[in-house]
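# Reading the structure
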Amino acid sequence: MPPALRRLVLFLTRHIDGMLLSAILLLMFTGLLVLLSASNGNLVRTSGQLGNMLVALGVMWLFANIPPHYLQRLALPVFTLGCALLIGVALFGEIVNGARRWLHIGVTRIQPSELMKIALPLMLAWYFNRNEASLKLRNYVIAALMLVAPVALIARQPDLGTAILIMASGCYVIFLAGLPWRIIIALGVAGLTSLPFLWSVMHDYQRQRVLTLLDPTTDPLGSGYHTIQSTIAVGSGGILGKGWMNGTQTHLDFIPERTTDFIFAVYAEEFGLLGNAILLVLFLLLIARAMVITANAPTLFTRLLAGAITMTFFTYAFVNMGMVSGILPVVGVPLPLISYGGTSLVSICLGFGILMSINTHKKLVQT
Amino acid sequence: MSDLSINPGIEIRDSERELQRFRGRLAILGIFLLSLFGLLLLRFFYLQVIQHGHYSTLAEANRISIQPIAPHRGIIVDRNGVQLAHNYSAYTLEITPSKVPDLNATIDELAEVVEITPRDRRRFRKLLEESKRFESLPIRTRLSDEEISRFAAHRYRFPGVEAKARLFRQYPQGEMFSHVVGHIGRINQKEVEKLESEDRLANYRGSDYIGKTGLEQSYEKFLHGTTGVEEVEVDSGGRAVRTLSRTPPVSGNNLVLNLDAKLQEIAYNAFGERRGALVAIDPTTGGVLAFVSKPGFDPNLFVDGIDPQSWGELNGSIDKPLLNRAAAGTYPPGSTFKPFMALAALFYGKRTPQQAISDPGFYMFGGHRFRDDKVGGHGMVDMYKSIVVSCDTYYYVLANDLGIDPISRFMAMFGFGSRTGIDIGGESAGILPSSEWKMRRFKQKWYPGETISVGIGQGYNSYTPLQLASAMATLANDGVMFRPHIVNYVEDIRTLEKSLIEPKPLRDLALKPEHLKVIKDSLIGVNKEGTSARVFADAPYVSGGKTGTAQVIAIKQNEKYVESRVAERHRDHALFIAYAPADKPTIALAVIAENSGFGARAAAPVARQVLDYYLLGKVPRKPAETDD
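Residues numbered from 1 in each chain as written. Chains lettered and ligands numbered in written order. Predicted model: local features only at pLDDT ≥ 70, side-chain atom pairs only at ≥ 80, totals over all residues.

Across its full length, chain B carries 20 helices and 23 strands. Buried positions account for 43% of the 628 residues belonging to chain B. Considering only residue pairs separated by 6 or more positions, chain B has 75% of its internal contacts joining residues 24 or more positions apart. (Helix = DSSP H or I, 4+ residues; strand = E, 2+ residues; numbered from the N terminus. Buried ≥ 20, exposed ≤ 12 C-beta atoms within 10 Å, placed from the backbone. Contact = placed C-beta atoms within 7 Å.)

Moving on to the environment of Arg303 of chain A. Relative to the assigned elements, Arg303 of chain A resides in helix H14 (residues 300–324). When the C-alpha atoms of Arg303 of chain A and Asn129 of chain A are compared, they prove to be 9.6 Å apart, with 174 residues separating the residues in sequence.

Turning to the interface of chain B and chain A, a few remarks are in order. Listed by partner, the interface residues are 35 residues for chain B and 39 residues for chain A. The set of elements that each furnish at least two residues to the side of chain B that touches chain A consists of helix H1 (10–50), helix H2 (52–63) and strand E8 (228–234) of chain B. Sort the elements by how many residues they give to the side of chain B that touches chain A and H1 of chain B lands first, with 18 residues. Looking at the side of chain B that touches chain A residue by residue, the class counts come to 19 nonpolar, nine polar and seven charged. (Nonpolar A, V, L, I, M, F, W, Y, C, P; charged D, E, K, R; others polar.)

Residues and elements named next belong to chain A. Orientation of helix H5 (residues 112–130) relative to helix H7 (residues 160–176), taken along the N-to-C sense of each, is 15°, at an axis distance of 9 Å. Relative to H7, the element H5 lies roughly parallel. You can see that H5 and H7 cross each other, and the crossing is right-handed. Of the residues in H7, those touching H5 at Ser113, Met116, Lys117, Leu120, Pro121, Leu124 and Ala125 are Thr162, Ile166, Ser169, Gly170, Val173 and Ile174. (Axes fitted to C-alpha atoms, helices over the stretch in contact; angles between N-to-C directions. Parallel < 35°, antiparallel > 145°, perpendicular 65-115°, else oblique. Left-handed = near helix turned anticlockwise from the far one by under 90°.)

So, about the nonpolar core. In this structure, Val279, Met472, Leu589 and Val610 of chain B are the most contacted members of the largest nonpolar core, which totals 120 residues. Broken down by element, the residue count for this core peaks at ten residues, all from helix H20 (residues 599–616) of chain B. Apart from the residues lying within four places of it in its own chain, the contact partners of Val610 of chain B are Leu263, Ile266, Ala267, Ala270, Leu278, Ala280, Ala290 and Leu589 of chain B. Formed by 113 residues, the second largest nonpolar core is a distinct cluster that contains Val151, Leu153, Ile255 and Leu355 of chain A. (Core = buried A, V, L, I, M, F, W, Y, C linked by C-beta atoms within 7 Å.)

The subject of this paragraph is the pairing of strand E21 (residues 544–550) of chain B. Residues and elements named next belong to chain B. Across the seven residues of E21, seven count as buried, placing the element largely inside the fold. Covered by surrounding structure in E21 are Gly544, Lys546, Gly548 and Ala550 together with Gly545, Thr547 and Thr549, the residues of both alternating faces. Looking at chain direction, E21 and strand E22 (residues 573–580) are connected through seven bridges and run antiparallel. Paired with Gly548 across the strands is Leu575, a residue of E22. (Pairing = 2+ DSSP bridges.)

Let's shift gears to the sheet that holds E22 of chain B. Residues and elements named next belong to chain B. In spatial order, the strands read E12-E11-E23-E22-E21; together these five strands make up an open sheet with antiparallel pairing. The open sheet has two edge strands, strand E12 (288–294) and E21, and neither has a second partner. This sheet shows a mean twist of 10° between the axes of neighbouring strands, independent of strand direction. Pairing of E22 with strand E23 (residues 587–593) involves seven bridges; the strand directions are antiparallel. Of the residues in E23, the one forming a bridge with Ala578 is Leu589. Packed on one face of the sheet, helix H9 (residues 261–270) meets strand E11 (276–281) and E12 and runs near 30° to E12. Where helix H18 (residues 465–476) meets the sheet, it contacts E11, E22 and E23, and its direction lies at approximately 150° from that of E23.

This brings us to the sheet that holds strand E9 (residues 240–247) of chain B. Residue and element names in this part refer to chain B. One open sheet holds the three strands; their spatial order is E1-E8-E9, and the pairing between them is antiparallel. Each end of this open sheet is capped by a strand with a single partner; those strands are strand E1 (64–69) and E9. On average, each strand axis in the sheet is tilted by 30° relative to the strand beside it, whichever way the strands run.

Mapped onto the elements, Trp446 of chain B comes out in the loop between helix H16 (435–442) and helix H17 (448–454). You can call Trp446 of chain B buried: it has 21 C-beta atoms within 10 Å.

Below, the discussion takes up the pairing of E8 of chain B. The side chains of a regular strand alternate, residue by residue, between the two faces of the sheet. Residues and elements named next belong to chain B. Judged from the six bridges that link them, E1 and E8 form a sheet pairing that is antiparallel. When the bridges of E8 are listed, Ile66 appears paired with Glu231. Two elements, E8 and E9, share six bridges in a ladder whose sense is antiparallel. Across the sheet, residue Glu230 finds its bridge partner in E9, namely Arg246.

Now for helix H12 (residues 338–347) of chain B. Residues and elements named next belong to chain B. The element H12 is extensively covered by neighbouring structure, given that nine of its ten residues are classed as buried. All of the buried residues along H12 are Lys338, Pro339, Phe340, Met341, Ala342, Leu343, Ala344, Ala345 and Phe347. In the segment just after H12, Gly349 is the residue with positive phi, at about 70°.

Of note, the bond from Lys294 of chain B into Pro295 of chain B is cis; its omega dihedral lies within 30 degrees of zero at 0°. Here the amide bond leading from Ala580 of chain B into Pro581 of chain B is cis, since omega sits at -20°, within 30 degrees of zero. Tracing the backbone through its elements, the reader meets Pro581 of chain B in the loop between E22 and E23. Unusually for a residue other than glycine, Glu257 of chain A sits at a positive phi of about 50°. On the neighbour-count criterion, Glu257 of chain A (18 C-beta atoms within 10 Å) is partly exposed. Unlike most non-glycine residues, Lys320 of chain B shows phi in positive territory, near 50°. The topology assignment puts Lys320 of chain B in the loop between helix H11 (308–316) and H12. Owing to 16 C-beta atoms within 10 Å, Lys320 of chain B belongs among the partly exposed residues under this scheme.

Attention now goes to the packing of helix H2 (residues 18–38) of chain A against helix H13 (residues 263–295) of chain A. Residue and element names in this part refer to chain A. Their axes nearest at 9 Å, the elements H2 and H13 cross at an angle of 165°. Of the possible angle classes, the one that applies to H2 and H13 is roughly antiparallel. Crossing angle aside, the handedness with which H2 passes H13 is left-handed. When H2 is examined against H13, the residues Met19, Leu20, Ala23, Ile24, Leu26, Leu27, Thr30, Val34, Leu35, Ser37 and Ala38 are found in contact with a partner set consisting of Ile263, Val266, Tyr267, Glu270, Leu279, Leu282, Leu285, Leu286, Arg289 and Ala290. Residue composition of the contact of H2 with H13, by class: 17 nonpolar, two polar and two charged.

So this is what it looks like as C-alpha cells:
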C-alpha cells in the first residue's frame, strides 16, 4: 500500500470503532431491506434513506474525531441555548397538529427538543464531572432541577414521548453518577403514589393512549387502530414470517406509519419470531460494545455521557418495539437505525460518534 | 485535561473505587436492559407462537373480503317463447350518499354532464328515504354510450358517484301483462325480515331486487337463483386488489307459461276503451291461457322505484289500474249464474228439464215484486228456454224452492266464494251467501226474500272473474275441476330440466252426464238462438255461452233501468262466460266489461274475438264492437 493511501486510510479509520461500525452497518442494511418492503418497493424513498445513512455516517466520523474535552466545554453553552430555544417555543412556537413543537428561526424551523436529547445528558455529565470530588445530595437535587425544567417545557408542548425519553436519559446519568439507593427507593415509592396526580395533569389524548393500551379494542378505529393493526401484523408473522415483501398487513396498507414509527411491524410480519430474535441480538451486540466502551471510559464525564448515549439508544429501541407489539402506549419514537427519517439517524450516529471518540481518545489522554 | 492530573496518588485510588462503583451501576443497567429485552422476546413469543393462529385469522379477515355475486334472474316466457320478462345489461349512474358531502350540489353538477330529469330526482329522493346512507342508489338508469363516456371524462369531479353495469329487468309487453307477470322492486325492510325468518337472507346478499307482485312474487324462489361468492383481497381502504377464489352464481330458473301472449294481446285490445277483465282457461288442465285486467299499468316504472308523481297518478286514478280485476275484483255474476242454478236444480232433483213455468214477467214474494227483464214475461219457460232467453222469473221461483243453503253448498263445489289457488297472490275469495255467512257477517238471520235475487246472480253474490272462468271450465270439463295455473313448467337453464306444474284434478264433482248434457245444450243454445246468438252468428265452431248483467246500483222497485239516464260509472257491468268447441272444449272463459250494459252487447264480442283467435287463429282488425 502506498504511504499516501495508508495515511488516508489511517486518517479515516483512526477514531472509528470496528465493532460498533459493523453492528451499525448491519442494522442499517436491515433497515434498508425492510424499508424497501414497507414502501412497496419505492426505490426513490429507499435510496433517499441510503443518502440519509451516508450523511449520518459522515456525522459519526466527524464526532468520532472530536476529542471529548471539546464536548465538555460545549456542554453548558449548548444546554443554555437548548433551554432558551425551548422557552422560545413555549412563547412563540408554531402549532403543528395541535402541538407547539417548532420554532421559526429565519429561513427554517427547528424542533429544539431534538437538541435537548443530546444537550441534557451532556450537561448533566459535565455537571457531575465538575463536582466529582465532593458529590453531595445538593448536587443531585440541582441535577434533578436541570433535568426537570426542560422536560416540563417539552411535556407542555405537548410531546410526552420525547419528554419521557429525555427524562430517561437524564435519569440514567443521575443513576450512574451514584445517586444513593435510599433516595432511589424513596423516589420510587413517591413516584408510584403520585401516579394519580400525574393522571390528572395529563392531556386527554395522552390518557386515551394509556387507556387504549390497556384495551385497544375500546377504540378500534381511533387511537386503538395503530396498536391493533401492528399487533395483528406481528402475531400473524409467526415463527418464520410471511417472507420479505409478502406481508399482507404491510402491502395492503393496514399498518399505519409503516415506514417510520411502525416499521418494526413490517419487519416482524415478514421475518417472524426468528427475525425478531436476530434483530434483538444485533441491538444487543451494539449495546454490549457500547457498554464496554462506557465501562472503560477514562473520566466521569465520558463515562456518564457514554452511559447516557448507550442507555438512550436502548430505550428508543425498547420503547419502539414495545409500542409496536402492544405493551407500551403509542408514542412517536422511531426504531433507531431502522425507521425512515434523517433526523433520527443523524442524532443516533452522532451519539455513536461520541462513543467512538471517547474510546479512541482515552489513550491519547493517558499518554 | 489538566484538572484530572493535579493530584495523583489518592485521587487515582479514589477514582479506582469510583470506577468500580460506576461499573457496578452500569452492570445493574445491563441487567435491567437484558430483562426488558427478555420481556420483549416473551411478548414476541406470545404473539407469534402462542397467539399466532388468532392473529393469522385476523390478518386474513383484514385481507379477504367475501363479495356476493348476484345471479341472473330467470326470464318469463309465454307458451310460444315470447318474452314477458327479461334482463338486459345497461349502465346506471349510482350515488353512495355517505360519500357525498352535498347531494343536491352533486346532482346539479351531474345534470350538466348527463341528463337528469325532475322525475329522476323525485325517484332518487324517495329511494334515499327508504335506504341506508352507505347503499349505492341509482340516480339515472339506462345511460347511453355517449353519456357514459361523458361521465367517464368528468369522473374526477364526482367522488361517491359511480357508473355501474347492471342487469335490468324489463317487461317488454308492458301494461298488458302487468297483473299476471307482476314486477320486481327494491327489497324493503319488511321483505328483509321475511327473508331472514325463512333463512333465505344470505342468498339475497348482493341482490337489490325481489319479486313484488304477480308471478315475479309467487315464483320468487325459482326465479332468483343462487348467489355466488367471490373472495377478494382488499386493502385497508376496501379497494379490491385481486380475486382469490370464485364460486359462480347459479342463474334463476325460467318460467314457461300456459299463457298465450298473442291471445292475451287480442283479449286486451278487444276491450277497446272499456275497463274489464278476462280469464281464459284450458278446462282439461286448468292452464290459464289469458289473464287480462284492464286498464293495466307499465310495470317497468316500478323496477327502480316509482317516482311519487307517477305513483300518485296510478293510485289515484278513477280507473283503478293497480287493481287486479281478474283475481281481486269481485262482481255479482248476474245471469251467468243461471246455468249453475239450473244444474243445482237437477242435482237436488227439484226440477226436471221439461218442467215448465208460466212467466208473467214478475214474481211476487212477501208482497215484493221481483221483475223480469222482459215486460210481460217469456210465457211458458222450461229449463232450456230459461237459460237461452235468460228468464229471471224461472230462477226466482227455483231459488225459493231450493233455499239458500242448498244453493250455497252446490255453488261451493264449483269454487264460488273461495280462492281458486291460482299461482299468483292477491286473490279475493268473493262472497258466496249462505245463512251461516250472513250470521257471521251481519249477525242476522237469513230472510227467505233474500234468496230470490241470489237465484239470478244478484244480491249478496260476488265473485271474481277468475272464479267464474274456473267454474265455467269445470262445467265444460264435465265436472272435473283443475286448479288454475299460469305457469306451465319451470325450466332449469343449465340442465334444461323442466319441472312441470302438474295439472292435478282438484276434485270430480261427480255430476250426472244427463244433467250436464241439459245444461251444455242450453249454453250452446244461448250462442245459437239465445241472447248472444247475433254475436256468434257466423262462427264456424260450436260454442256454449251465457250472458250476464250485473247491477252496479240498485234500481228502485217498479223503476225501469234506462241506461242513458245513469251516469257512466253507475251503468251495469256486462258479463259473459263461454267455452268451445262444444264437443271437446279446449278453452273456457269469463269476461267482464265494466259499466258496459247488457252482457251480450259488450262482453260477448270480446269472447268471440278470443275464441276466434284461439280456435281459428283469426286476428281481429279492431277492438270488439258492441253488438247493438
